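# Tertiary structure, described
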Amino acid sequence: MPIGDPGGCNFEYTTEGLPLSLAFAEIPVKDISRATDFYCSILKLEKVSADDTAAVLRLDGGGRIVLKKSRDAGKDTGLFLRVVSPFEFNRRMVDDGVVMIRHPQRGPLGVYASFLDSEGNTLHVIEGRSDP
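Below you will find a few notes about this structure. These numbers come from a predicted model, not from an experiment.

## Focus on the sheet that holds strand β1 (residues 24-29)
Strand order in the open sheet made by the four strands is β1-β4-β3-β2, with mixed pairing throughout. Two strands lie at the open edges of the sheet, namely β1 and β2 (46-50), each paired on one side alone. Averaged over all pairs of adjacent strands, the angle between their axes in this sheet comes to 25°, without regard to strand direction. When β2 meets strand β3 (residues 54-58), the two strands line up antiparallel, connected through four bridges.

Structure representation (structure tokens):
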């Protein structure tokens, strides 16, 4: 008898128990204050809370980014943030002095670009208005 079927019937799963969306992503940073300033002033995320070891930031679309103090900063996070236009994002970041390591280009999932945050972490943006 499966653990999810205490009645012993032939239960068939549909979407029960499957992930709905990304709750949060954790990014290692060396300096919480500097990183929080970058994410809030440059990327326009909203600070929810912060202390000496972590900061929680909210994206307009509802997800959260947790900046966690670590000596392990400066990594490719693998995090892709959705933007309406990677070209407009690129222009805005260049104007703000952000290091773009990949200008907008077409990839298998759409047009994307990559940049460095204040801690040397690589983040990515990808074109899209809403979840598919």
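## Concerning the sheet that holds strand β6 (residues 100-107)
The sheet built from four strands is open, its strands ordered β5-β8-β7-β6 with mixed pairing. Edge strands, defined here as strands with exactly one partner in the open sheet, are β5 (76-83) and β6. Adjacent strand axes in the sheet meet at a mean angle of 20° when their direction is disregarded. Bridge count for β5 against strand β8 (residues 122-127) is five bridges, and the pairing is parallel.

## Section: the side chain of E119
Locating E119 in the fold gives a position in the loop between β7 (110-116) and β8. A polar atom in the side chain of E119 sits 3.1 Å from the backbone nitrogen of K30. A distance of 2.7 Å separates a polar atom in the side chain of E119 from a polar atom in the side chain of R34. Once residues lying within four places of it in the same chain are set aside, the contact partners of E119 are V29, K30, D31, R34, A35, A73 and G74.

## Notes on the pairing of strand β4 (residues 64-69)
Two elements, β1 and β4, share six bridges in a ladder whose sense is parallel. Among the inter-strand pairings, E26 is bridged to a residue of β4, identified as V66. The pairing of β3 with β4 spans five bridges and is classified as antiparallel. In the strand pairing of β4, A54 is matched with K68. What sits between β3 and β4 in their antiparallel hairpin is a turn of five residues, with G62 showing a positive phi close to 110°.

Reading guide: rules and limits
Residues numbered from 1 in each chain as written. Predicted model: local features only at pLDDT ≥ 70, side-chain atom pairs only at ≥ 80, totals over all residues. Heavy atoms only, no water. Pairing = 2+ DSSP bridges. Helix = DSSP H or I, 4+ residues; strand = E, 2+ residues; numbered from the N terminus. Axes fitted to C-alpha atoms, helices over the stretch in contact; angles between N-to-C directions. Polar contact = N/O pair within 3.5 Å; in protein donor to acceptor, adjacent residues only side chain to side chain. Contact = heavy atoms within 4.5 Å.

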